[in-house]
Amino acid sequence: MSDKSKGRLDRRDFMIASIATVGASAALAGTAGTANAQAQATPPANPASGTVYTGDVIEGKKVISRLDVNDLEPGKKHLLYFQGVEMPTGQHWYVSVTVAKGAKPGKRGILTSGVHGDEMSSVHTVQTVMNQLNPAEMSGTVMAVTDISRPALESMQRRWPNQGRGIDLIDMNREWPGNENGATAPNRHAGLLFNRLLRPNADFAIDFHTGTTGFEVTAFNLGGMDVPEVKAMMELYPVGQIFDNHVYPGVLHNAFMDVGIPSFTPEIGAARVLDREMSSLFVEGTMNVLRHHGIIAGPMGRTGKDVTVFVGNSAFPVLATAGGLVEHLVKLNDKVEAGQKVAIQRNSFGEVVAEYTSSVAGEVTGQRSDAMSEPGNPLVFILFNKSVHEGVESYPE
Ligand SMILES: [Zn+2]
């Protein structure tokens, strides 16, 4: 079985090599010479340009395996399916692609959700923004992909159930930018999407998330405030917290940043539920971002200037040291002092087995919402300001 899959990958490598050879031959036939041959040896900066229709249609939507939004008719919305990674059945995971192509040219923005499969308010936020856009009045393009990790969304769970040696659950937000010939399906899926759909069509990108199952977060934006283009966008949201941190490699917004595309991650409350009130703040902020880039016209809505924004550069985790039922003594967005008691925990007899205090002064940005906990689980994340940065940051995504 592994021989077969290896064979497929090798063939794909072979096909790519063959295409490159054809290109080189054609160039040599046109104007023979070593200069041309050397030029062909360097891969083009953007190999994914040009839209490819597979010829398939699913529920009335044309299927693509590559997209260049410049090929689409201006002044219209386009609903497409992108052909993602191949499954064990030989079929593919398709993701939905909505493109609002403005009547006039301009910047190209990308909105994504569903990198984790249990984060519903982020899906709703992207859909609501797209439904408010009128391409006839736009200058530029907005593309949305709401269901990036399809198999994770099918079971409304965070991670992708990969068919390796039995089921492995893989966090797709550690896989970017992916590799089309990578060892696992989510890694190949990430590679296909990043190379052929996302990167070639983005002047800026916003990857929407929420907290995770069992762990709820506030409304906040995550990104590097030291990058002016990112700071300008994050400050256009009327939400109360900014987590100013570059976090770790492998997350989608950092894959964009690594290739020079300004990007950040909004976090919209609890997983699994649709929080329409909180979602509306991120819709308002995202519409502001589209105005900022000149894609839509009209006055700005509420921004960070209209609310009190707490900016922290680190998230302090309070970890459980015992098993038992957790009682929170603070709420999301509460200010806490160093030494303040934030939670207690009781065993099956109702005896208090642990008391938890914050080591830092800051604001509560995340809380365990599953009431039982075993040792090691994060109970609370406190957004605060650390003077010196060391190591890689973890955060309550
Ligand atoms: Zn997430």
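Refer to the structure presented above.
Everything numeric in this text was worked out from a predicted model, so none of it was measured.

A. Up close: the overall build of the protein. Within the protein, the secondary structure is distributed over eight helices and 22 strands. Out of the 397 residues in the protein, the part that is buried amounts to 50%.

B. Inspection of the environment of Arg188 at higher detail. Locating Arg188 in the fold gives a position in helix α5 (residues 185-198). Linking Arg188 and Gly84, residues 104 residues apart in sequence, is a C-alpha distance of 8.5 Å. Within the local environment of Arg188, its side chain forms a polar contact with the backbone oxygen of Gly182, the two atoms lying 3.0 Å apart.

C. Layout of helix α8 (residues 276-292). In this model α8 runs 24 Å from its N-terminal to its C-terminal C-alpha over 17 residues, within 8% of the 24 Å that 1.5 Å per residue would give. Among the residues of α8, those classed as buried are Met278, Ser279, Phe282, Val283, Gly285, Thr286, Met287, Asn288, Val289 and Leu290. Backbone geometry just after α8 places Gly294 at a positive phi near 75 degrees.

D. Geometry of the sheet that holds strand β9 (residues 204-207). Spatially, β1-β2-β3-β4-β6-β5-β9-β13-β11-β12-β14 is the arrangement adopted by the 11 strands of the open sheet, whose pairing is mixed. The open sheet has two free edges, formed respectively by β1 (52-58) and β14 (310-312), since each of these has just one partner strand. Neighbour-to-neighbour, the strand axes of the sheet open up by a mean angle of 25 degrees, direction not taken into account. Taken together, the two bridges between β9 and strand β13 (residues 263-268) define a ladder with parallel strand orientation. When the bridges of β13 are listed, Ile206 appears paired with Phe264. In the packing of α5 onto the sheet, contacts are made with β2 (61-66), β3 (76-86), β4 (92-101), β5 (104-112) and β6 (139-145), and the angle to β3 comes to roughly 145 degrees. Contacts from α8 reach β5, β6, β9, β11 (219-223) and β13 within the one sheet, and its direction differs from that of β13 by about 160 degrees.

E. Broad picture of empty space enclosed by the protein. By the definition in use, this model includes one cavity of 30 Å³ or more. Roughly 40 Å³ of internal volume is contained in the largest cavity. Every residue along the wall of the largest cavity is listed here: Gly223, Gly224, Val230, Asn245, His246, His253, Asn254, Met257 and Ser263. Counting residues per element, the lining of the largest cavity draws most heavily on helix α7 (residues 252-258), at three residues. Residues that form the lining of the largest cavity fall into these classes: two nonpolar, seven polar and no charged.

F. Fine view of the environment of Met287. With respect to the helices and strands, Met287 occurs in helix α8. By relative accessible area, Met287 is classed as buried at 7%. Counting along the chain gives 158 residues from Met287 to Val129, while the straight-line C-alpha distance between them is 7.0 Å. Setting aside its immediate chain neighbours within four residues, Met287 contacts Val129, Gln132, Leu133 and Ile296.

G. Representation of the pairing of strand β19 (residues 352-357) in the model. The sheet contact formed by strand β18 (residues 341-346) and β19 spans five bridges and is antiparallel. The residue of β19 that forms the bridge with Arg346 is Val352. The loop that links β18 with its antiparallel partner β19 comprises five residues; one of these, Gly350, has a positive phi angle of about 90 degrees.

H. Geometry of the coordination of the zinc ion. Taken together, His116 (ND1), Glu119 (OE), Glu119 (OE) and His209 (ND1) make up the full set of protein donors to the zinc ion, lying 2.0 to 2.5 Å away. Classification of the site at the zinc ion as irregular follows from its four donor atoms and the range of 57 to 140 degrees in their angles at the metal. In the primary sequence, the donor residues of the zinc ion line up as H-x2-E-x89-H. In this pair, His116 sits in the loop between β5 and α3 (120-132) while His209 sits in the loop between β9 and β10 (215-217), placing the two residues 93 residues apart along the sequence.

I. Molecular detail of the pattern of salt bridges. In the structure shown here, the tally under the stated rule is 12 salt bridges. Across the pair Asp203 and Arg108 runs a salt bridge whose closest N-O atoms are separated by 3.1 Å. Within this pair, whereas Asp203 is found in the loop between α5 and β9, its partner Arg108 is found in strand β5, the two being separated by 95 residues in sequence. A relative accessible area of 31% places Asp203 in the partly exposed class. Asp334 is the salt-bridge partner of Lys331, the closest N and O atoms lying 3.9 Å from each other. Among the ionic contacts, a cluster of salt bridges with common partners joins Arg158, Asp171 and Arg174.

Conventions and cut-offs
- Residues numbered from 1 in each chain as written.
- Predicted model: local features only at pLDDT ≥ 70, side-chain atom pairs only at ≥ 80, totals over all residues.
- Heavy atoms only, no water.
- Helix = DSSP H or I, 4+ residues; strand = E, 2+ residues; numbered from the N terminus.
- Buried < 20%, exposed > 50% of the residue type's maximum accessible area, 1.4 Å probe, protein only.
- Polar contact = N/O pair within 3.5 Å; in protein donor to acceptor, adjacent residues only side chain to side chain.
- Expected span 1.5 Å × (residues − 1).
- Pairing = 2+ DSSP bridges.
- Axes fitted to C-alpha atoms, helices over the stretch in contact; angles between N-to-C directions.
- Contact = heavy atoms within 4.5 Å.
- 1 Å grid on protein atoms, 1.4 Å probe; cavity = no way out; pocket = protein on both sides within 12 Å on 5 of 7 lines; lining within 4 Å.
- Points joined across faces, edges and corners; volume = space filled by probe spheres on them.
- Nonpolar A, V, L, I, M, F, W, Y, C, P; charged D, E, K, R; others polar.
- Donors = N, O, S within 2.8 Å, 3.2 Å for Na, K, Ca; no water.
- Tetrahedral: all angles 85-135°; square planar, octahedral: opposite > 155°, others 65-115°.
- Salt bridge = Lys/Arg side-chain N within 4 Å of Asp/Glu carboxyl O.

So yeah, pure geometry; function would need other evidence.
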